[in-house]
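Now for the letters of each chain:
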Amino acid sequence: MAFVITQSCCADASCVSVCPVNCIHPTPDEPDFGTTDTLYVDPAVCIDCGACADACPVKAIVPADILRGDARNFIDINAQFYETPRDETVWSAPSFTHSMDTDGDPLRVAIVGSGPAASYTARHLLTTTTCDVAIFERLPIPGGLLREGVAPDHGSTKAMASAFRWVYAHPRTSTYFNVEVGKDISLAELRQRFHAVIYGVGARGANTIGFVGEQDPAVVHAGDVVGWYNGRPSEPGVEPFAMPLDKERVVVIGNGNVALDVARTLLAPVESLQTTDMPAGVLEQLRHSKVREVVVLGRRAPKFAAFTRPELLMLPETANCDVVIEDRPGIRDEIAELTEARHQVLASLPVVPIDLTAPPVPGRRIVLGFDTTIAQVVEGQVSLRRTQDAAAGDGMEPQEFTIGQANVVLANGFRVLPQPGLPYDEVTHRIPQQDGRVVDPGTGQPIGGVYVVGWTKRGAVGGLGKNRLDSESTVNALLEDANAGRLNKPTMGWLAFRRLVNGRTDVVSARRALHVLDREEKAGRKAGRPREKFVSTDELLAASRLLPRRDRTPIG
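For the structure given in this document, a descriptive report is provided here.

Definitions and limits used
- Residues numbered from 1 in each chain as written.
- Predicted model: local features only at pLDDT ≥ 70, side-chain atom pairs only at ≥ 80, totals over all residues.
- Heavy atoms only, no water.
- Helix = DSSP H or I, 4+ residues; strand = E, 2+ residues; numbered from the N terminus.
- Rg over C-alpha atoms; globule rule 2.2 N^0.38 Å.
- Contact = heavy atoms within 4.5 Å.
- Areas by Shrake-Rupley, 256 points an atom, 1.4 Å probe, with all protein chains shown as cover.
- Lys, Arg positive; Asp, Glu negative; His and termini not counted.
- Charge placed at Lys NZ, Arg CZ, Asp CG, Glu CD.
- Buried < 20%, exposed > 50% of the residue type's maximum accessible area, 1.4 Å probe, protein only.
- Right-handed = clockwise from strand over helix to strand, strands pointing away.
- Polar contact = N/O pair within 3.5 Å; in protein donor to acceptor, adjacent residues only side chain to side chain.
- Axes fitted to C-alpha atoms, helices over the stretch in contact; angles between N-to-C directions.
- Parallel < 35°, antiparallel > 145°, perpendicular 65-115°, else oblique.
- Left-handed = near helix turned anticlockwise from the far one by under 90°.
- Pairing = 2+ DSSP bridges.
- Salt bridge = Lys/Arg side-chain N within 4 Å of Asp/Glu carboxyl O.
- Phe/Tyr/Trp six-rings, centres within 6.5 Å; stacked < 30°, edge-to-face > 60°.
- Lys NZ or Arg CZ within 6 Å of the ring centre and 35° of its normal.

1. Focus on the overall build of the protein chain
Then, number 1: Along the backbone of the protein chain there are 20 helices and 23 strands.
Then, number 2: The C-alpha radius of gyration computed for the protein chain amounts to 24 Å, which stays within 12% of the reference 24 Å derived for 556 residues, consistent with globular compactness.
Then, number 3: Seen along its three principal axes, the alpha-carbon backbone of the protein chain occupies a region of about 70 × 60 × 55 Å.
Then, number 4: When contacts within the protein chain are restricted to residue pairs at least 6 apart in sequence, long-range pairs at least 24 apart make up 76% of them.
Then, number 5: Accessible surface for the protein chain amounts to roughly 23900 Å². Of this, 52% is attributable to carbon and sulfur atoms.
Then, number 6: Across the protein chain, the 58 positively charged side chains and the 68 negatively charged ones have centroids separated by 7 Å.

Encoded structure:
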């Protein structure tokens, strides 16, 4: 039986490049790539060789005959992709274009960040050029979103981090963990040592909405919640965030995958999370949680929902609770008329009358609501606003109603934060760039030798796999500049640079830290758990055999 691509597909196309019969689509050079929820295996062409499964960094490709429960739906999902008329397109052979740097002395490239985008960038440089790479990470351990952003129950996706371990230990890689660019060392100082600097620091900022009571203690941001259940290391002297679990109802504003992750994690049986890397302290808090209902709200109609098909398809099974759609006039017709495959999953969910002004019904459930948003929060009292009345253009005022005490999670997206030394557009919340090159907003000209990649480059859109092609695009721009002589020649030697950094912070070496921290976290695990994470910077430094220095002297 053919192989099947399942829920955790990262779409980085590693499988495409090894398939001997070209049965995985869309490929990177085809129009659908980057817009579909996953890649798909053609069951009529697949020869069951397993090469794709071996290459998949997130173990999303499995033989169809081992699938059980709702996961068997992926057999049909893969097949249906090839049943849909595709304008008589003839699949082309996949192509992967790489550039090489100039002859002579290797380029020295600094990469700021160690998440998926930064790691893909380092990997591409190491495998296709002779560049020397230096990775700077503000935490004592690498990983970025793979460690602190992917939901704990998505273990196969988290396993993608192992595909990058060799990058940190490569002979042409030097690592500077526990070093924050802009605080411990400046961009100007990096440019004295390196030909080019690439920022891949993600989008850690929270979008705001502007409703009354947005600063109420009952309102939290999804980024903080995700960091909480993933054990994001707390900074010295900063009180760790904890999700408020004291109310029966949680309202999540937004209906993308992060919103579904939050809803699922808050309601899933604690027993099902005990085999994940979720910190023991968080598991204990969830064990005593009062939350019984999570209401996931989209401000527009179902056809604008932002979730992906695999995530919603598996939600009832992975959350192990009821998943329903709030009934309202016209909602059934709207769902019946949906044409996009990922939205058609909604048709499989029950539409039920729900009185949100009343306490949650017995049991646990996730409620999907549409055309509704937050109106205000006053001392924990939450008011919502129906938005379809205003959209109808009939002159009706949007209906507001109070649902009582609830906690609110804002899952309405993330924004790129300003980076010291780089230009920043306060309107779009982006770093101005063109083809990955950071540009001066005044002149529109590239700032030589400074680049961006991943969410830092394109904003908080696109999954893990998109970072692979995105990183290759930025690297190609860098190498084009190098070949054209547009990069400055560094003036600072290795020893002087190392002394500069060591004088300001406790530098953690990847070759040492990855081995020691991995060993220490696994040593603390309980039966059936992959690891017990360290959840503070001080714990990470102590585990890597470094004591935190309190005389840390920042730049300036």
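2. Let's talk about the pairing of strand E5 (residues 108-112)
Then, number 1: Of all five residues making up E5, four are buried, and the element is well covered by its neighbours.
Then, number 2: Following the backbone out of E5, through helix H3 (residues 116-128) and into the adjacent parallel strand E6 (residues 132-137), one traces a crossover that is right-handed.

3. Some words on the side chain of Asp277
Then, number 1: The residue Asp277 is located in the loop between helix H10 (270-273) and helix H11 (280-287) in this model.
Then, number 2: The class for Asp277 is buried, based on a relative accessible area of 10%.
Then, number 3: Of note is the side chain of Asp277, whose polar atom sits 3.5 Å from the side chain of Lys533.
Then, number 4: Beyond its immediate chain neighbours, meaning those up to four positions away, Asp277 contacts Pro152, Lys158, Arg529, Pro530, Arg531 and Lys533.

4. Some details on the packing of helix H8 (residues 222-230) against helix H9 (residues 257-267)
Then, number 1: One can describe the packing of H8 onto H9 by two numbers: an axis separation of 10 Å at closest approach and a directional angle of 45°. By the criterion of interaxial angle, the relationship of H8 to H9 is oblique. Two packed elements cross with a definite hand, and for H8 against H9 that hand is left-handed. Where H8 approaches H9, its residues Ala222, Val225, Val226, Trp228 and Tyr229 are matched on the opposing element by Val258, Asp261, Val262, Thr265 and Leu266.

5. Considering the sheet that holds strand E15 (residues 365-369)
Then, number 1: Pairing is parallel across the open sheet formed by seven strands, whose spatial order is E10-E19-E11-E12-E15-E13-E14. Among the strands making up the open sheet, the edge pair consists of strand E10 (219-221) and strand E14 (351-352).
Then, number 2: With five bridges joining them, strand E12 (residues 293-297) and E15 adopt parallel strand pairing. Each residue of the ladder has a partner; that of Val294, found in E15, is Ile366.
Then, number 3: Against the sheet, H8 engages E10 and strand E19 (407-410), with an angle of about 70° to E10.
Then, number 4: Against the sheet, H9 touches strand E11 (249-253), E12, E15 and E19, its axis set at about 175° to E12.

6. Thoughts on unusual backbone geometry
Then, number 1: Pro26 follows His25 through a cis peptide bond whose omega is -5°.
Then, number 2: Within the secondary structure, Pro26 sits in the loop between strand E2 (24-25) and strand E3 (40-41).
Then, number 3: Of note, His429 is a non-glycine position whose phi angle comes to about 55°, a positive value.
Then, number 4: Residue position: His429 is located in the loop between strand E20 (414-415) and strand E21 (433-434).
Then, number 5: Backbone geometry at Asp435 places phi at a positive 60°, although glycine is not the residue there.
Then, number 6: Note that Asp435 resides in the loop between E21 and strand E22 (437-439).

7. Observations concerning the side chain of Thr276
Then, number 1: For Thr276, the location among the structural elements is in the loop between H10 and H11.
Then, number 2: The class for Thr276 is buried, based on a relative accessible area of 7%.
Then, number 3: Here the side chain of Thr276 touches Met278 through a polar contact of 3.2 Å, landing on its backbone nitrogen.
Then, number 4: Beyond its immediate chain neighbours, meaning those up to four positions away, Thr276 contacts Pro152, Asp153, Arg529 and Pro530.

8. Observations regarding the pattern of salt bridges
Then, number 1: This structure, assessed with the given rule, holds 29 salt bridges.
Then, number 2: Among the ionic pairs, Arg437 bridges to Asp481, the shortest N-O distance being 3.0 Å. Pair noted here: Arg437 is in strand E22 and Asp481 is in helix H17 (residues 466-483), with a separation of 44 residues, a long-range link. Each of the two residues, Arg437 as well as Asp481, counts as buried.
Then, number 3: Its salt-bridge partner being Asp470, residue Arg458 comes within 3.7 Å of it at the nearest N-O pair. Of this pair, Arg458 sits in helix H16 (residues 455-458) while Asp470 sits in helix H17, and the two are 12 residues apart along the sequence. With respect to burial, Arg458 and Asp470 carry one shared label: buried.

9. Here's the deal with the packing of aromatic side chains
Then, number 1: For the structure shown, the criterion picks out 10 aromatic pairs.
Then, number 2: Seen from their ring centres, Phe136 and Phe194 are 6.1 Å apart, and the 90° between their planes marks the pair as edge-to-face. Taken as a pair, Phe136 in strand E6 and Phe194 in the loop between helix H7 (187-193) and strand E8 (196-199) lie far apart in primary sequence, 58 residues in all.
Then, number 3: Classification of Phe136 by relative accessible area gives buried; the value is 1%.
Then, number 4: Plain terms: the ring middles of Phe136 and Phe497 are 6.1 Å apart, the flat faces sit at 90° to each other, and that makes the pair edge-to-face. With Phe136 in strand E6 and Phe497 in helix H18 (residues 494-502), this pair connects stretches of sequence that are 361 residues apart.
Then, number 5: Following the ring pairs from residue to residue traces out a cluster consisting of Phe136, Tyr176, Phe194 and Phe497.
Then, number 6: If you follow Arg300 out to its NZ or CZ, it ends over the ring of Phe304, 4.0 Å from the centre.

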